[in-house]
Amino acid sequence: MDNQYGRAGLVGYAPRIDDTGLTDKQGNESRTLLIAAFVSLPILVAAFQVAAFFYTQYSRLLWLVIGIVLGIVFMIALLVQSAKRRQAVDFEGELVKKDVRKKSSGDPENGMVETYYLHSLVFSGTDGKTHKHSERQGAKEPAGNSWPGYLQVGDRVRYHAKLDYFEKYDKSRDSLLPCVECRSFFDIALDSCPHCNTAAVRPR
C-alpha cells in the first residue's frame with residue numbers, strides 16, 4: 001500500500017509503546033476494579049436496607065439477603081475481571097487458526113434463548129506456547145472493527161497484555177488502524193486517532 005509513510009513505515013512494531021502512559025492507565029483501572037469489588041458488597045447491603053424502609057411489605061431480612069447475594073455476585077464478577085487483566089501476559093507470535101462456533105444461552109423451555117457466535121483466534125507464540133483469544137459476536141462473519149475481523153491467518157502480532165491490544169507487524173496492506181485507546185478504526189495515514197487523539201501505534 002502506497003502512502004506518505006511508505007512500506008518501511010508500516011512494517012515493524014512500534015518502539016516503546018509503554019511510553020504512551022496507557023499501560024499505567026490500564027494498571028490503575030485493574031486496581032480500581034479490585035477496590036470496587038470489595039466496596040460493592042457493603043454498599044449494596046446498605047442500599048437494600050434503605051429500600052426496606054420504603055417497601056415495608058417485604059421483611060428487612062429479605063432485603064438484607066437480596067443485598068448480600070447481589071453484592072457477592074457483583075464482587076465475584078469484578079474480581080474475575082481484575083484477575084484476568086493481571087494474569088494476561090505479553091507475547092509475540094503468528095495467527096495460525098481462526099474458528100467460529102454457533103452458541104446459544106438461556107432457557108429453551110420458556111423460549112428465552114439467545115443465539116450468538118464465538119469467534120476464536122489461535123496464536124503460535126515465539127515463547128513456544130499457544131495463545132488464544134475469543135470474542136462473542138452476533139454474526140457468523142466477524143465484524144471488521146474487531147480483532148477476529150482485523151487479523152488474518154499468517155499475521156505476525158505482538159500482544160500488549162496491559163492494553164489488551166494486538167499490534168500487527170505488517171500493516172502495509174491495511175487501510176485502517178485500530179486505536180490502542182478507544183478501539184475505533186481510523187485511516188492508517190493519520191498520525192493519531194480522530195476520536196480520542198491517541199497516537200497511532202506503528203513504527204516511527
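Residues numbered from 1 in each chain as written. Predicted model: local features only at pLDDT ≥ 70, side-chain atom pairs only at ≥ 80, totals over all residues. Heavy atoms only, no water.

A closer look at the overall build of the protein chain
For the protein chain, the count of helices and strands is three helices and seven strands. The N-to-C order of helical and strand elements in the protein chain reads α-α-β-β-β-α-β-β-β-β. For the protein chain, the proportion of its 204 residues judged to be buried stands at 36%. Working note: accessible area of the protein chain is about 12500 Å², and carbon and sulfur atoms make up 56% of it. (Helix = DSSP H or I, 4+ residues; strand = E, 2+ residues; numbered from the N terminus. Buried < 20%, exposed > 50% of the residue type's maximum accessible area, 1.4 Å probe, protein only. Areas by Shrake-Rupley, 256 points an atom, 1.4 Å probe, with all protein chains shown as cover.)

Let's talk about the pattern of salt bridges
In this structure the tally under the stated criterion is six salt bridges. For Asp155, the salt bridge is made with Lys168, and the minimal N-O distance between the two is 3.6 Å. With Asp155 in the loop between helix 3 (147-150) and strand 4 (156-160) and Lys168 in strand 5 (residues 165-168), this residue pair connects regions lying 13 residues apart in the sequence. Exposure remark for Asp155: the relative accessible area of 9% places this residue in the buried category. Put simply, Lys168 and Asp174 hold a salt bridge, and the shortest N to O gap is 3.0 Å. In the salt-bridge network here, residues are joined through shared partners; they are Asp155, Lys168 and Asp174. (Salt bridge = Lys/Arg side-chain N within 4 Å of Asp/Glu carboxyl O.)

Overview of the side chain of His119
Topologically, His119 is positioned in strand 2 (residues 112-125). In this structure the side chain of His119 is engaged in a polar contact, spanning 2.9 Å, whose partner is the backbone oxygen of Ala139. Residues in contact with His119, not counting those within four places in the same chain, are Asp99, Val100, His133, Ser134, Glu135, Gln137, Ala139, Lys140, Glu141, Pro142 and Pro148. (Polar contact = N/O pair within 3.5 Å; in protein donor to acceptor, adjacent residues only side chain to side chain. Contact = heavy atoms within 4.5 Å.)

Topic: the pairing of strand 5
Side chains of strand 5 alternate between two faces, with Tyr165 and Glu167 and Phe166 and Lys168 buried alike. Across four bridges, the pairing between strand 4 and strand 5 is antiparallel. For His160, the partnering residue across the bridge sits in strand 5 and is Tyr165. In this structure, the hairpin formed by strand 4 and strand 5 is closed by a connection of four residues, where Asp164 is found at a positive phi of approximately 50°. (Pairing = 2+ DSSP bridges.)

A look at the confidence of the model for the protein chain
Confidence in the prediction of the protein chain, expressed as mean pLDDT, is 79, and 76% of residues score 70 or more. Within the protein chain, no element has a lower average pLDDT than helix 1 (residues 22-54), which sits at 66, and none a higher one than helix 3, at 94. Every residue in residues 1-8 is under pLDDT 50, and counting partners more than four places away or in other chains gives 16 contacts. (pLDDT = per-residue confidence, 0-100.)

Looking at the nonpolar core
Phe123, Trp147, Leu151 and Phe166 are the most contacted members of the largest nonpolar core, which totals 24 residues. Contributing elements (two or more residues each) for this core: strand 1 (91-107), strand 2, helix 3, strand 4, strand 5 and strand 7 (185-187). Apart from residues lying up to four places away in sequence, Leu151 is in contact with Leu95, Lys98, Leu121, Phe123, Val157, Phe166 and Lys168. (Core = buried A, V, L, I, M, F, W, Y, C linked by side-chain atoms within 4.5 Å.)

Digging into the side chain of His131
For His131, the position within the fold is in strand 3 (residues 130-137). Overall, the relative accessible area of 11% leaves His131 in the buried class. Side-chain polar atoms of His131 contact the side chain of Asp127, separated by 3.1 Å. Dropping the residues within four chain positions of it, His131 is found in contact with Phe91, Leu121, Val122, Phe123 and Gly125.

Concerning the environment of Cys179
Tracing the sequence through the fold places Cys179 in the loop between strand 6 (176-178) and strand 7. For Cys179, the contacting residues outside a window of four places in its chain are Tyr165, Ser184, Phe186, Cys193, Cys196 and Thr198.

A few points about unusual backbone geometry
Look at Asp164: it is not a glycine, yet its phi comes out positive at around 50°. Of note, Asp164 is situated in the loop between strand 4 and strand 5. One non-glycine residue, Asn197, lies in positive phi territory at about 70°. Along the chain, the position of Asn197 falls in the segment after strand 7.

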